[in-house]
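Listed here are the chains, written in short residue letters.
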Amino acid sequence: MTQSPVFIINPKSHKVNVQGSVLTRIAVDYGDIPIVYFNGDTPLEETLSPLLFEGRDTIYVEGGDGTVLAALTTAFAARSATHPMPRLAILPGGSTNLTHAVVGLKQVDAEALKQQLDQRNQQTTRPEIATHQALLVETSETQSPYVGFLLSTGSLARLMLYTQNNLHGKTRGVVSIARAIMQLTMFPRTTKSSDGLPLVRPSQFVRLDQNESEPPQEQAFSIFSTFHELSLGLSPFWGRGDAPIAFTHAAWPIPRLRLGIARAVLGGAPRGLERHGLTSEGCSQITFQTDGPVMLDGEELPMPKDRTFKVTVSPDLEFIR
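Just so it is clear, the model here is predicted, and its values are computed rather than measured.

**Q** Where do I start with unusual backbone geometry in this structure?
**A** Residues other than glycine predominantly adopt negative phi, and peptide bonds predominantly adopt the trans conformation. Across the junction of Trp-252 and Pro-253, the peptide omega takes the value 0 degrees, indicating a cis bond. Tracing the sequence through the fold places Pro-253 in the loop between β11 (245-251) and α9 (257-266). Although it is not a glycine, Asp-297 adopts a positive phi angle of roughly 50 degrees. You can see Asp-297 is positioned in the loop between β14 (294-296) and β15 (299-300). For Asp-297, a relative accessible area of 8% translates into the label buried. Positive phi is not limited to glycine here, since Arg-307 has a value of about 55 degrees. As for its placement among the helices and strands, Arg-307 is situated in the loop between β15 and β16 (308-313). Given a relative accessible area of 42%, Arg-307 falls into the partly exposed group.

This is how it looks when you write it as structure tokens:
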């Protein structure tokens, strides 16, 4: 299978910054492959979109979940009848690499990648391809959707921001996530966000796709994903059936707060979770309004003036394994 690749490298991603970039080391042997260095300072569409319009059909991404989010969002916006959605090959390069764990490259060492690239123009060679749908997140202020895999609101989004701002300097990845979960479970009322208020507190949430006249409800958090499991093997979803989106919602207040938080983030039997105000279901789309933070793949999304988000699913995306 022929490929016309482009490399995207985030030099600020933790693993790349500490251990160096695998793609940078092998790029010297492939002068025909352009490299895009992305660190969040310049919109990725300014550098990646022209390459996609030139016919680049495979994106190798080395960075964390936020870098993959930027690559997918840019590529989805640039797609057209003559420039279809490119395949992605994901290397782990950040503090969190959930997307790589589910649909990323199985072999990420330099020699394995060179072998794959050396075979890219051989018609008889076909790499293993995984297909998966992603979340499409739209607001009234976006021209094209954000494309990612894990969306969270309310207290869970605050927990992710707290982890980034307070714990990533000491530990990284799943270690810092585990530390944040432990701290939140032990001290749910005294662990504070940057505004000095508790991380675990109510925010408004109302589903507009069900009943637009429904008054705002207080929630602890909501979480959406097309994945079945998250980091640390957590699986906070049940009752999904064959629906493409898993959606779990935690009402406020959470009965027996410490135990409720522990079960909510670590998972458990559905009956036990439901006793703490959690519900879970599957859906094909959802439109909601909220006043709390909204995070997609570790990146905080801008809050639109109407505070409304529409979540649907993408067509099947292709990932090289």
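**Q** Help me out: how do you make sense of the packing of aromatic side chains in this one?
**A** Aromatic rings considered in pairs are described by the distance between their centres and by the relative angle of their planes. In the structure shown here, the tally under the stated rule is 8 aromatic pairs. Summarising the aromatic geometry, the rings of Phe-205 and Phe-247 are spaced 6.2 Å apart at their centres and angled 25 degrees between planes, so their arrangement reads as stacked. Separated by 42 residues along the polypeptide, Phe-205 in strand β9 (residues 203-207) and Phe-247 in strand β11 bring together distant segments of the chain. What makes Phe-205 buried here is its relative accessible area of 2%. Ring geometry for Phe-224 and Phe-288: centres 5.3 Å apart, planes at 10 degrees, overall stacked. Separated by 64 residues along the polypeptide, Phe-224 in strand β10 (residues 217-225) and Phe-288 in strand β13 (residues 286-290) bring together distant segments of the chain.

**Q** How should the environment of Ala-77 be read in this particular structure?
**A** Note on placement: Ala-77 falls in helix α4 (residues 65-78). On a C-alpha basis, the gap between Ala-77 and Pro-145 in space is 7.6 Å, while along the polypeptide they are 68 residues apart.

**Q** Where do I start with the pattern of salt bridges in this structure?
**A** Proximity of charged atoms lets side chains of opposite charge pair with each other. Per the stated rule, a full pass over the model turns up 8 salt bridges. A salt bridge links Asp-32 to Arg-120, with the nearest nitrogen and oxygen atoms 3.1 Å apart. Linking Asp-32 in the loop between α2 (22-27) and β2 (35-37) with Arg-120 in the loop between α6 (110-118) and β5 (129-132), this pair joins segments that are 88 residues apart in sequence. We classify Asp-32 as partly exposed; its relative accessible area is 41%. For Lys-106, the salt bridge goes to Glu-128, with nearest N and O atoms at 3.1 Å. Of the two residues, Lys-106 is situated in the loop between α5 (98-103) and α6 and Glu-128 in the loop between α6 and β5; the sequence distance between them amounts to 22 residues. Of the residues examined, Lys-106 reaches a relative accessible area of 53% and is grouped as exposed. In the salt-bridge network here, residues are joined through shared partners; they are Arg-207, Asp-209 and Glu-281.

**Q** Where do I start with the pairing of β9 in this structure?
**A** Both faces of the sheet carry side chains from a regular strand, because those side chains alternate between them. By the criterion of burial, β9 is predominantly enclosed, with 4 of the 5 residues buried. Across 3 bridges, the pairing between β9 and β10 is antiparallel. What sits directly across from Phe-205, in β10, is Gln-217.

**Q** Honestly, the packing of helix α3 (residues 45-53) against α4 in this entry has me stumped. Any pointers?
**A** Two quantities define a packed helix pair, namely the angle between the axes and the distance from one axis to the other. Interhelical geometry of α3 versus α4 gives an angle of 45 degrees and a closest axis separation of 10 Å. Taken together, the axes of α3 and α4 are oblique relative to one another. As for the relative orientation of α3 and α4, their crossing is right-handed in sense. Between α3 and α4, the residues in contact are Glu-45, Leu-48, Ser-49, Leu-52 and Phe-53 and Ala-71, Thr-74, Ala-75 and Ala-78, respectively. Its residues placed into classes, the contact of α3 with α4 shows 6 nonpolar, 2 polar and 1 charged.

**Q** Help me understand the side chain of His-132 in this model?
**A** Inspection of the secondary structure puts His-132 in strand β5. Here Thr-226 takes part through its backbone oxygen, which lies 3.1 Å from a polar atom of the side chain of His-132.

**Q** Just checking my understanding: could you explain the pairing of strand β3 (residues 58-63) for this structure?
**A** Counting buried positions along β3 gives 6 out of 6 residues, so the element sits mostly inside the fold. Neither face of β3 is exposed, since Thr-58, Tyr-60 and Glu-62 on one face and Ile-59, Val-61 and Gly-63 on the opposite face are all buried. As judged from the 5 bridges shared by strand β1 (residues 5-9) and β3, these two strands associate in the parallel manner. Across the sheet, residue Phe-7 finds its bridge partner in β3, namely Tyr-60. Bridge count between β3 and strand β4 (residues 87-92): 6 bridges; the pairing is parallel. The residue of β4 that forms the bridge with Thr-58 is Arg-87. Running through α4, the crossover from β3 to the neighbouring parallel element β4 is right-handed.

Cut-offs applied
- Residues numbered from 1 in each chain as written.
- Predicted model: local features only at pLDDT ≥ 70, side-chain atom pairs only at ≥ 80, totals over all residues.
- Heavy atoms only, no water.
- Helix = DSSP H or I, 4+ residues; strand = E, 2+ residues; numbered from the N terminus.
- Buried < 20%, exposed > 50% of the residue type's maximum accessible area, 1.4 Å probe, protein only.
- Phe/Tyr/Trp six-rings, centres within 6.5 Å; stacked < 30°, edge-to-face > 60°.
- Salt bridge = Lys/Arg side-chain N within 4 Å of Asp/Glu carboxyl O.
- Pairing = 2+ DSSP bridges.
- Axes fitted to C-alpha atoms, helices over the stretch in contact; angles between N-to-C directions.
- Parallel < 35°, antiparallel > 145°, perpendicular 65-115°, else oblique.
- Left-handed = near helix turned anticlockwise from the far one by under 90°.
- Contact = heavy atoms within 4.5 Å.
- Nonpolar A, V, L, I, M, F, W, Y, C, P; charged D, E, K, R; others polar.
- Polar contact = N/O pair within 3.5 Å; in protein donor to acceptor, adjacent residues only side chain to side chain.
- Right-handed = clockwise from strand over helix to strand, strands pointing away.

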